[in-house]
Amino acid sequence: MTAAQPGADGALRCPWSLASEDYTAYHDEEWGRPVHGDDALYERLCLEAFQSGLSWITILRRREGFRRAFADFKIASVAAFTDADAARLLADPGIIRNRAKIAATLTNARVLADWSPGELDALIWSYAPDPGPRPVPRTLADVPAITDESTALSKALKKRGLRFIGPTTAYAMMQACGLVDDHLADCTARGSGG
C-alpha cells in the first residue's frame, strides 16, 4: 500500500521512480505523457515486450543500444532487416539477446510496414479509456496490471498479426504512452500528460 514518496528534491513521486536516477528521469520526463506516431509507438511496444520478465531499469539502461540495433525503431527500416541482421542482433551485447523477442520485433515491423501511415497510432489510441470514471490511484495497490482495454488492445494487435503483446505488456505500454494516467494521486507528475 505504498503511496507517493518524497524524492531527493522533496517532491512527491510514485515510489518506483525513487529507486534510481534513471527511473526518476523517466518518471518525470516520459512516463504517462502522450506518445504519438507509428515509429514512436512501435518503439514502445518493442521495449515493453523486451521488458517482459525483466526489470524496466534493464531496458532503460540499454535503450540507446536498442535504438542503434533497431535503426531507431523506424518501422520501414526494421521491416527490411535480413537473416544476417537477426544474427547480428542475437550477438549484440547492447540489447537483450532473446531470440523470440527479436523475432517478434522483426515480424511486427514487417506487419506494420503494410499498414497505412498513422494506422498504428489510431488503433492504439482508440483503446484509451475514458479518464472520467477511472478512480485515481492513491497507492501502488490501486494500479492494475491488466484492464479490459489492455486485453482488447492486445487481442486487436494479435488479430492484425503482431506478436509478443499480451494484456500486461499492452497495459504497461498504455501507461508509458499516456493512454492512462497511473501516477499516484499525490505524485507531482499526476495530470502532466498534456
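In case you missed it, the structure is sitting above this.
As the structure is a computational prediction, the values presented were derived from the model and not from experiment.

Tell me about the packing of aromatic side chains, residues and numbers included.
In this structure the tally under the stated criterion is 10 aromatic pairs. Between Trp 16 and Trp 31 the ring centres are 5.0 Å apart and the planes differ by 75°, which places this aromatic pair in the edge-to-face class. Here Trp 16, found in the loop between strand E2 (12-13) and helix H1 (21-29), pairs with Trp 31, found in the loop between H1 and helix H2 (38-51); they are 15 residues apart in sequence, far enough to count as distant. For Trp 16, a relative accessible area of 25% gives the class partly exposed. Judged by centre distance (6.5 Å) and plane angle (15°), the ring pair of Phe 70 and Phe 81 falls under stacked. With Phe 70 in the loop between helix H4 (63-69) and helix H5 (75-79) and Phe 81 in the loop between H5 and helix H6 (83-90), this residue pair connects regions lying 11 residues apart in the sequence. Pair check on accessibility: Phe 70 and Phe 81 agree, each one buried. Among the aromatic residues, those joined into a ring-pair cluster are Tyr 42, Phe 50, Phe 66, Phe 70, Phe 73 and Phe 81. When the ring centre of Trp 115 is taken as origin, the NZ or CZ atom of Arg 160, which lies over that ring, is 3.9 Å away.

Explain the packing of H2 against helix H7 (residues 99-113) to me, and be specific about the residues and the numbers.
Look at H2 against H7: their axes get within 10 Å of each other, and the N-to-C directions meet at 160°. The angle between H2 and H7 places the two elements in the roughly antiparallel class. Relative to H7, the crossing made by H2 is right-handed. Contacts between H2 and H7 pair Tyr 42, Cys 46, Ala 49, Phe 50 and Gln 51 from the former with Lys 101, Ile 102, Thr 105, Asn 108, Ala 109 and Leu 112 from the latter. Classifying every residue of the contact of H2 with H7 gives 7 nonpolar, 3 polar and 1 charged.

So what about the nonpolar core? Which residues, and what values?
Among the nonpolar cores identified, the biggest contains 48 residues, and Tyr 42, Phe 66, Phe 70, Leu 120 and Leu 157 are the most heavily contacted of them. Among the elements that line this core, the one with the most residues is H2, at 6 residues. Ignoring sequence-local partners within four residues, the contact set of Leu 157 consists of Leu 45, Trp 115, Leu 120, Leu 123, Leu 162 and Ile 165.

Rules of the game
- Residues numbered from 1 in each chain as written.
- Predicted model: local features only at pLDDT ≥ 70, side-chain atom pairs only at ≥ 80, totals over all residues.
- Heavy atoms only, no water.
- Phe/Tyr/Trp six-rings, centres within 6.5 Å; stacked < 30°, edge-to-face > 60°.
- Helix = DSSP H or I, 4+ residues; strand = E, 2+ residues; numbered from the N terminus.
- Buried < 20%, exposed > 50% of the residue type's maximum accessible area, 1.4 Å probe, protein only.
- Lys NZ or Arg CZ within 6 Å of the ring centre and 35° of its normal.
- Axes fitted to C-alpha atoms, helices over the stretch in contact; angles between N-to-C directions.
- Parallel < 35°, antiparallel > 145°, perpendicular 65-115°, else oblique.
- Left-handed = near helix turned anticlockwise from the far one by under 90°.
- Contact = heavy atoms within 4.5 Å.
- Nonpolar A, V, L, I, M, F, W, Y, C, P; charged D, E, K, R; others polar.
- Core = buried A, V, L, I, M, F, W, Y, C linked by side-chain atoms within 4.5 Å.

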